[in-house]
Amino acid sequence: MDRKPSLFEVDEKIYRRYDWRKQLFCRTNIDPNFEHYKQDVYKKAKEFLKEEKEGYTRLDYALNMAAWKLYQIYKQIPKDKIREMGIFESGRRLPKYEVKHTARMSRIIKKVASFFGASITGIARVNEKWVYSHDCDGKPIDLSAYKYVIVMAIEMEPEPMGSSPSVTTAISTALGYAKLSFLSMHVAEFIRYLGYLAMESINDTGLSIPMAIEAGLGKLGRIGLLVTPQFGPRVQLCKVFTNLPLEPDNPQGNGILDVCKKCKLCALACEVQAISFDDEPSFHIQSPTNNPGVKKWYINPEKCYHFWYENSVDCSTCIEACPYSKIEKKRASEFWNV
Ligand code: SF4
Ligand code: SF4
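These numbers come from a predicted model, not from an experiment.

(A) Broad picture of the overall build of the protein. Per the secondary structure count, the protein includes ten helices and six strands. In terms of C-alpha radius of gyration, the protein reaches 20 Å, essentially the compact-globule figure of 20 Å for 338 residues. In terms of its C-alpha atoms, the protein occupies a principal-axis envelope of roughly 60 × 45 × 40 Å. Every one of the 338 residues in the protein was classed for burial, and the buried ones make up 52%. Put simply, of all contacts in the protein between residues at least 6 apart along the chain, 76% involve residues at least 24 apart. Taken as a whole, the protein presents about 16500 Å² of accessible surface, with 56% of it coming from carbon and sulfur.

Below you can see the structure in the form of structure tokens.
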């Protein structure tokens, strides 16, 4: 595995690879001390439905649950089973496809990613620093067989956005996960049929944001998300790890979005102050879920997650507030004006 100098200021005395058991979605399942252990994020939905609240209607919840469908199925398929899903099994026994020009192979991968729905694609060497040390079950993660990571961003559907926090807006997030499932599985399968290793990944296995930054997709914002030039933070990320010979892309300058030092719109928009107001990025962590040792604006994921429970659905208010997302504020009911 190649080691690449980090784009971020990293305190090597402190920094350790992230253990995914610290992440809130894992803690919901494995940490009995976590406030929302084994709780259903939709538990307040019934109250909101009774109130007939705008943006929390029966239509909104039905569409939201429908949009999650493919991702829910994808999560239940063990990764080794995904690899057995191909129909033309004999195709895998053909000799390895010979890669004569890595630059052309990279262009082919980007074309294939775009064919399967990627809005932006970049390639980086696998940097062990951003690979999780353990998965949610406590199994150590070793990606030494994979040399490159193909990072793909999909644009979140703008139409339902603009009324966060609401179930109407959350439809975009749910649909995004379905698209990421579809995209990552198909790109990985294409590579396997060329005779190379490929492992699809959404939030699992490694930190998508620094990988995306190293692959040239954008920079890290105060918001704690990747900010892309094309869609701002209004993107969702997936990745494919592979040993297919490729040519890595160049990052866009340093890893931190400098404009965020002055702009604090995402922090002002957050109802629970989960986003830092500090002028400068720092090493100050906000919660045990944060991974210390990188200079950035740490968000407070507990505050954010708690708000999702109170709101009965996830939230995108900070994404909508970022000028780079290009989202206009509107009423949730407008989506259903047919
Ligand atoms: S998702 Fe909502 S609660 Fe979480 S940081 Fe953004 S605005 Fe705050
Ligand atoms: S809203 Fe402003 S501070 Fe927040 S990520 Fe976007 S540009 Fe940066």
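The discussion continues.
(B) Spatial organisation of helix H6 (residues 167–193). For H6, built from 27 residues, the straight-helix expectation of 39 Å at 1.5 Å per residue is met to within 8% by its first-to-last C-alpha distance of 39 Å. Where H6 ends, the next residue or the one after it, glycine 195, has phi of about 95°, a positive value.

(C) Looking closely at the site of ligand 1. Close to ligand 1 lie Cys270, Val272, Ala274, Ile275, Cys304, Phe307, Trp308, Cys315, Thr317 and Cys318, which account for all nearby residues. Elements represented by at least two residues in the shell around ligand 1 include exactly helix H9 (301–311) and helix H10 (317–321). Of all the elements, H9 adds the most residues to the shell around ligand 1, at three residues. Per-class residue counts for the shell around ligand 1 are nine nonpolar, one polar and no charged.

(D) Spatial organisation of the packing of helix H5 (residues 102–115) against H6. H6 packs onto H5 with a crossing angle of 140° between their chain directions and a minimal axis gap of 9 Å. Judged by the twist between their axes, the crossing of H5 over H6 is right-handed. In contact with Ile108, Ile109, Val112 and Ala113 of H5, H6 contributes Leu183, Val187, Phe190 and Ile191. Within the contact of H5 with H6, the residues separate by chemical class into eight nonpolar, no polar and no charged.

(E) Region of the structure containing the sheet that holds strand E3 (residues 198–201). Here four strands make up an open sheet; going across it, the order is E1-E2-E6-E3 and the pairing antiparallel. Each end of this open sheet is capped by a strand with a single partner; those strands are strand E1 (120–125) and E3. This sheet shows a mean twist of 20° between the axes of neighbouring strands, independent of strand direction. Examined bridge by bridge, E3 and strand E6 (residues 235–242) share four bridges and lie antiparallel to one another.

Parameters at a glance
- Residues numbered from 1 in each chain as written.
- Chains lettered and ligands numbered in written order.
- Predicted model: local features only at pLDDT ≥ 70, side-chain atom pairs only at ≥ 80, totals over all residues.
- Heavy atoms only, no water.
- Helix = DSSP H or I, 4+ residues; strand = E, 2+ residues; numbered from the N terminus.
- Rg over C-alpha atoms; globule rule 2.2 N^0.38 Å.
- Buried < 20%, exposed > 50% of the residue type's maximum accessible area, 1.4 Å probe, protein only.
- Contact = heavy atoms within 4.5 Å.
- Areas by Shrake-Rupley, 256 points an atom, 1.4 Å probe, with all protein chains shown as cover.
- Expected span 1.5 Å × (residues − 1).
- Near = heavy atom within 4 Å.
- Nonpolar A, V, L, I, M, F, W, Y, C, P; charged D, E, K, R; others polar.
- Axes fitted to C-alpha atoms, helices over the stretch in contact; angles between N-to-C directions.
- Left-handed = near helix turned anticlockwise from the far one by under 90°.
- Pairing = 2+ DSSP bridges.

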